[in-house]
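Each chain, written out:
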Amino acid sequence: MRWRYRRTGRGPAVVLQHGFLCGPGYFEQLADALSDRYDVIVPTLPGFADHASRPALDSIADFAEYLLGMLDHAGVNRFHLLGHSMGGMIAQEVALKSGARVARLILFGTGPIGEMPGRFESLEESRRRVEANGPENMIGRTVATWFMRGEEDPSFPDALAVARTASLDAILGGYRAMQDWRSLERLGEIRNPTLIVWGDGDRSYRRSQVDSLRRGIPDSRLAVMPGCSHNAHLENPKCFHDCVTDFLDG
């Protein structure tokens, strides 16, 4: 199957797009919370999670085209779109390519510069570690940074298990996709009402990234989740769900 996605509920469509080393299970709680009044669609990117056998992609533009093609296949023309991490880069690209199809946009734990200035280590360094030593050590180190409590967070084992399902081609392709992408100079073209959500302890996307999104997207607002890291939606799900549903409900 070319496309893989989970779909539940009825109502206006909401697409929840995961990021690098992640999968649809990341949004299980949010999908459950939204499905009583929304048509919730959770795609899996090729090369990751339950779609790991699919040939990987290596550009954000290609990921965006994949997502739009999947929505065409699902018969969805207009939708709300949430993107997390690399999924937030994909969501920006979708808004730039097909903004008329996006009702409301949520950019969560992401930024407009794929190189991620100030990340705990550069993407190039992470890529070199994988090429030299394989992905296992890099995966564990990376996923631990996504939680304020690191490996002690209750959600860490599940997040690590999902990350380990990614194919090597998807990991290397993801690094290339992020390194080669930026939207900073195009943010003014995003005209969709936009919510930016960020955990103030995020070690992948620093405050400068979310401030650039807030300044660059004309109709945007910023919600900062204190005491949370990159996976703020798992660390404080109630706060995250309330923030998202309030925005979607308008």
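Right, let's walk through the structure included here. Please read all numbers here as calculations on a predicted model, not as lab measurements.

Thresholds, definitions, all that
- Residues numbered from 1 in each chain as written.
- Predicted model: local features only at pLDDT ≥ 70, side-chain atom pairs only at ≥ 80, totals over all residues.
- Heavy atoms only, no water.
- Pairing = 2+ DSSP bridges.
- Helix = DSSP H or I, 4+ residues; strand = E, 2+ residues; numbered from the N terminus.
- Axes fitted to C-alpha atoms, helices over the stretch in contact; angles between N-to-C directions.
- Contact = heavy atoms within 4.5 Å.
- 1 Å grid on protein atoms, 1.4 Å probe; cavity = no way out; pocket = protein on both sides within 12 Å on 5 of 7 lines; lining within 4 Å.
- Points joined across faces, edges and corners; volume = space filled by probe spheres on them.
- Nonpolar A, V, L, I, M, F, W, Y, C, P; charged D, E, K, R; others polar.

1. Topic: the sheet that holds strand S4 (residues 79-84)
Phase 1: Spatially, seven strands are ordered S1-S3-S2-S4-S5-S6-S7 in an open sheet, and the strand pairing comes out mixed. A single partner strand is all that each edge strand has here, and the edge strands are strand S1 (5-8) and strand S7 (220-225). Mean inter-strand twist for the sheet, computed between neighbouring axes without regard to direction, equals 15 degrees.
Phase 2: Direction of pairing for S1 relative to strand S3 (residues 39-43): antiparallel, over a ladder of four bridges. Each residue of the ladder has a partner; that of arginine 7, found in S3, is isoleucine 41.
Phase 3: Across the sheet, helix H3 (residues 86-98) touches strand S2 (13-17), S4 and strand S5 (102-108), and the angle it forms with S4 is around 145 degrees.
Phase 4: Here helix H8 (residues 207-216) sits on the sheet in contact with S5, strand S6 (194-199) and S7, set at roughly 155 degrees to S7.

2. Here we look at the layout of surface pockets
Phase 1: Roughly 320 Å³ of volume is contained in the largest pocket.
Phase 2: Elements represented by at least two residues in the lining of the largest pocket include exactly helix H1 (28-34) and helix H6 (156-163).
Phase 3: Looking at which element gives the most residues to the lining of the largest pocket, the answer is H6, with three residues.
Phase 4: Taken together, the residues of the lining of the largest pocket sort by class into seven nonpolar, five polar and four charged.

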